[in-house]
Structure formats: C-alpha cells, structure tokens
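Summary of the model geometry
Chain residues, written in single-letter form:
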Amino acid sequence: QKEVEQDPGPLSVPEGAIVSLNCTYSNSAFQYFMWYRQYSRKGPELLMYTYSSGNKEDGRFTAQVDKSSKYISLFIRDSQPSDSATYLCIAGGGNKLTFGTGTQLKVEL
Amino acid sequence: NAGVTQTPKFQVLKTGQSMTLQCAQDMNHNSMYWYRQDPGMGLRLIYYSASEGTTDKGEVPNGYNVSRLNKREFSLRLESAAPSQTSVYFCASSEAGVGLDGYTFGSGTRLTVV
C-alpha cells in the first residue's frame, strides 16, 4: 500500500463546477501537507500547504486536512478551463516528502 | 524570472551510454533535489543536497550519481543508462530544507533509453 493514495482520474467537470480532489495517507508521522498543480509537460507548482487539521483558503482554492481520518482534500470553486491539470497531494514529516500519484482534472467549456 | 532551469529538455540514449542532466537555480536556495516521475508511481526522490557541499541518497538512488557543483548548480549523472531509467526527471530547490516552504521545480528532462 502506498503511503499517500490518490485517485488518478481523469476527472471531467463542466466550467463553473465545484471540484473536490481527495487523498488519503497512512503514516501518522506526517505533519504537513501540500497540493501542487502540474500542467502537461511542465514541472509541478505549489498551490497550498498546511501544517494542521482544518481548512485553509486561498482565492478559489480550499485545502482541508483531517488528521484523525488521515484525509486530505482540495476544493476548487467556480472551476475554469485553466484549472485543467494534474493535482498532486503531498504529505511530509521529518526530512521526507511523499507524493501522491496525482489526479488529472479536465474542466470543459 | 528563470527560477530552476534544467537542460536538456529531451534526450534519447542507447543502453550503456552515459549523460549528465544539468540543473541551476537563481533563487539563492540552499537545498536542491532530483526526482523522477513515472506513470502510476508519483514523484520519487533520487538524491538531494540539503546545502552546498552535501549530498544524500533518496528513495531510488541506484544507477545515479550527483554533484553539487556550487550553491546554484546540482547535476545528475547516469553512468550506464538502462531502459528502466526512461522517465521524466525534475530538479527542484527550496530555501530552508525539506518541505518547510515548498519546492520550486524545473520544467523537466524527458529521457528515453532504448
């Protein structure tokens, strides 16, 4: 079993929809969590990071962490075609980052 | 606004050939990393350099060597390429070590070993 599990998709939604992207993790030692966005043939770029359970909001993006159930979510409101990308969830602890395999999202007009 | 620059962007090698992937960052970051990305596997750490003058193995170091040439540059060498090393390679850097402030990634090197 991978330490960070992520549904690979692809997930296809209409423009304007609310998108929910989810990850689960198995290692209780993970202390911080991140979401990266990766466009096709590009390197990943940091979207959000959080160190604690609860919600963190940044514009149309909300990251949610529930440490009790080891569940990480990213919500995208009013999704746009420019949000079409692969979204990577990452869990970190100590000197180590563990990447999920990514969820491919397509937002259609 | 270069950030992290990787060269080359594409490369085809024959089995047994050697090559060096170059990476340079202009953000004065202390830490640098080499990852490989394979379908269904996620990003896996090959080697990292926490600071100038130090290097350490990551999750999948076999078949690779690295050099932290100076604070800006971190190269990855394949001494004898194998088809299993066909992958997309990403270099990344961070200011303060693993995970604390997120990584800046380069745009990747797509390597095919035939």
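Look above for the structure.
Residues numbered from 1 in each chain as written. Chains lettered and ligands numbered in written order. Predicted model: local features only at pLDDT ≥ 70, side-chain atom pairs only at ≥ 80, totals over all residues. Heavy atoms only, no water.

Brief notes about the interface of chain B and chain A
Inclusion rule: Residues count as neighbours in contact if any of their non-hydrogen atoms are within 4.5 Å of one another. Buried area is calculated as the accessible area (1.4 Å probe) missing from two parts once they are joined, with the contributions of both summed. We define a salt bridge as a side-chain nitrogen of Lys or Arg found within 4 Å of a carboxyl oxygen belonging to Asp or Glu. Here a polar contact is taken to be a pair of N or O atoms separated by no more than 3.5 Å, where protein atoms must pair a possible hydrogen donor with a possible acceptor and residues adjacent in sequence count only if both atoms sit in side chains. Helix numbers and strand numbers start at the N terminus; a helix is a DSSP run of H or I with at least 4 residues, a strand a run of E with at least 2.
Taken together, the contact pairs 19 residues of chain B with 18 residues of chain A. Contact between chain B and chain A buries roughly 1500 Å² in total, counting both sides, with carbon and sulfur atoms accounting for 56%. Summed over the shared surface of chain B and chain A, the result is zero salt bridges. Taken together, chain B and chain A are joined by three residue pairs in polar contact (both at pLDDT 80 or more). Of all the secondary-structure elements, those providing two or more residues to the side of chain B that touches chain A are strand 4 (31-38) and strand 5 (42-49) of chain B. No other element matches strand 5 of chain B, which puts three residues into the side of chain B that touches chain A.

Brief notes about unusual backbone geometry
Let me state the cut-off plainly: Burial classification: accessible surface area is computed with a 1.4 Å probe over protein chains only, and a residue below 20% of its type maximum counts as buried, one above 50% as exposed, and the rest as partly exposed.
Cis geometry marks the peptide bond from A:G9 to A:P10, where omega comes out at 5°. Within the secondary structure, A:P10 is located in the loop between strand 1 (4-6) and strand 2 (11-14). With an omega dihedral of -10°, the bond running from B:T7 to B:P8 counts as a cis peptide bond. At A:R41, a residue that is not glycine, the phi angle is positive and equals roughly 65°. By secondary structure assignment, the location of A:R41 is in the loop between strand 4 (32-38) and strand 5 (45-50). Its relative accessible area of 54% is what places A:R41 among the exposed residues.

What to know about the environment of A:A91
Residues and elements named next belong to chain A. Position of A91 relative to the elements: it lies in strand 9 (residues 85-93). As for A91 and W35, which are separated by 56 residues in sequence, their C-alpha atoms are 9.0 Å apart. Setting aside its immediate chain neighbours within four residues, A91 contacts V4, F30, Y32, F33, K96, L97 and T98.

Section: the sheet that holds strand 7 (residues 61-66) of chain A
All names here are of chain A. Condition: Should DSSP find at least two bridges between two strands, the strands are taken to pair. Axis definition: a line fitted to C-alpha atoms, over the contacting stretch in the case of helices. Angles run 0 to 180 degrees between N-to-C directions.
If you trace the five strands from one edge of the open sheet to the other, you get 1-3-8-7-6, paired in antiparallel fashion. Each edge of the sheet is formed by a strand with only one pairing partner; in this case those strands are strand 1 and strand 6 (54-58). On average, each strand axis in the sheet is tilted by 20° relative to the strand beside it, whichever way the strands run. The sheet contact formed by strand 1 and strand 3 (residues 19-25) spans three bridges and is antiparallel. Its bridge partner being in strand 3, V4 is matched across the sheet by Y25.

Quick look at the pattern of salt bridges
By the definition in use, this model includes six salt bridges over all chains. Among the salt bridges present, the one from A:R37 reaches A:E45, with a minimum N-O distance of 3.1 Å. Residue A:E45 is classed as partly exposed on the basis of its relative accessible area of 34%. For B:D38, the salt bridge goes to B:R36, with nearest N and O atoms at 2.9 Å. Like B:R36, B:D38 is buried. Among the ionic contacts, a cluster of salt bridges with common partners joins B:R36, B:D38 and B:R44.

Considering the nonpolar core
The following threshold applies: Among buried residues, those of type Ala, Val, Leu, Ile, Met, Phe, Trp, Tyr and Cys that are joined through side-chain atoms within 4.5 Å constitute a nonpolar core.
With 23 residues, the main nonpolar core has A:W35, A:L74 and A:Y87 as its most contacted residues. Looking at this core, the elements with two or more residues in it are strand 3, strand 4, strand 5, strand 7, strand 8 (71-76), strand 9 and strand 11 (103-108) of chain A. Setting aside its immediate chain neighbours within four residues, A:Y87 contacts A:Q6, A:L21, A:W35, A:Y36, A:R37, A:L47, A:L74, A:I76, A:G102, A:T103 and A:L105. Residues B:M19, B:C23, B:W34 and B:L78 belong to the second largest nonpolar core, which totals 20 residues.

Points about the pairing of strand 9 of chain A
Residues and elements named next belong to chain A. For strand 9, a buried count of eight out of nine residues is recorded, marking the element as mostly surrounded by other parts of the structure. In the sheet, strand 4 pairs with strand 9 via seven bridges, with the strands oriented antiparallel. Within strand 9, the residue paired with R37 across the bridge is Y87. In this structure, strand 9 lies alongside strand 11, joined through three bridges in antiparallel fashion. In the sheet register, A85 faces strand 11, and the bridge partner there is L105.

Honestly, that's just the spatial picture; any functional story needs more than this.
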